[in-house]
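# Observations on the model geometry
Spelled out from the first residue to the last, the chains are:
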Amino acid sequence: MKVRLLSIGKDRSGLFEPGVQEYASRLEHYTRFELVELPEASGRKLKPGDAKAAEAEAILARRKPQDWLVAMDERGKSLDSVELSRYLAKAQTGAKDLLFVIGGDEGLAEPVREAAHLTLSLSRMTLPHRLARLVLIEQLYRAFTLLKGEPYHK
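Throughout, residues of each chain are indexed from 1 in the direction in which the sequence is written. Whole-chain, interface and lining totals are the exception, using all residues; otherwise, since this is a predicted model, local features are given only for residues with pLDDT of at least 70 and side-chain atom pairs are given and counted only at 80 or more. For the side-chain quantities, the full set of heavy atoms in the structure was used; hydrogens and water were omitted.

With that settled, the discussion passes to the packing of aromatic side chains. Ring pairs are drawn from Phe, Tyr and Trp, using the six-membered ring of Trp, whenever the two centres fall within 6.5 Å, and their geometry is named by plane angle: stacked under 30 degrees, edge-to-face over 60, tilted for the rest. By the definition in use, this model includes 5 aromatic pairs. Ring centres of Tyr23 and Tyr141 lie 5.7 Å apart, and the angle between their planes is 50°; on these two criteria the pair is classed as tilted. On the criterion of sequence distance, the pair formed by Tyr23 in helix α1 (residues 17-27) and Tyr141 in helix α5 (residues 129-147) is long-range, its members being 118 residues apart. Cluster of aromatic residues (ring-pair linked, three or more members): Tyr23, Tyr30, Tyr141, Phe144 and Tyr152. A ring is considered to have a charge above it if a Lys NZ or an Arg CZ atom is located within 6 Å of its centre and within 35 degrees of its normal. The cationic tip of Arg26 hangs over the ring face of Tyr141; the distance from NZ or CZ to the ring centre is 5.3 Å. Every helix listed is a DSSP run of H or I at least four residues long, and every strand listed is a run of E at least two residues long, numbered separately from the N terminus.

This part takes up helix α2 (residues 50-61). Given a rise of 1.5 Å per residue, 12 residues ought to cover 16 Å, and the 17 Å separating the end C-alpha atoms of α2 matches this to within 8%. Those residues of α2 not exposed but buried are Ala51, Glu55, Ala56 and Ile59. End-on, the buried residues of α2 take up no more than an arc of 135°, which puts them together on one face. Pointing more than 90 degrees away from the buried face of α2 are the exposed residues Glu57 and Ala61. Contacts are assigned to residue pairs with any non-hydrogen atoms lying within 4.5 Å of each other. Elements that come into contact with the buried residues of α2 comprise β1 (2-8), β2 (32-38), β4 (97-102) and α4 (110-115). A helix is expected to span 1.5 Å for every residue after the first. The cut-offs for exposure are 20% and 50% of the maximum accessible area for each residue type, with area from a 1.4 Å probe on protein chains only; residues under the lower value are buried, those over the upper are exposed, and the others partly exposed. Starting at the helix axis, one direction is taken to each C-beta atom, and the arc is that of these directions.

What you tend to see is this: most non-glycine residues have negative phi, and most peptide bonds are trans. Residue Ala95 is not a glycine yet carries a positive backbone phi of 55°. With respect to the helices and strands, the residue Ala95 is situated in the loop between α3 (81-93) and β4.

Below you can see the structure in the form of structure tokens.
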């Protein structure tokens, strides 16, 4: 099983990247893991909504046939850590790879949400995209430790 976390934009603050890299290295112990950063669609000539559509096109171009796309959206389904680990186990059993997607400043376009196997919410609150990436990657690590019966999750 391969897990990819695709996000739009970069962490310009530098606050969250060390944590993301720490959990990414920990995840390598459990699965093939890849962080993918796509550039924000921007420009003076873009109309409102055009950036989101361009980002959706770039996101969907990265999806592979064996992927279960998981769209991260505050309006999505809330899972606790144990439920997320069960979702990962289901993907493993079904020989599916997982592609988690965090959109840009405008969120995810409808075509991405429609293509998703699961739309998942980390919180009903809006989180900065870089913080959401850190929270998600920590939860993926936690889910894998749960599957292995390791004591990280208390």
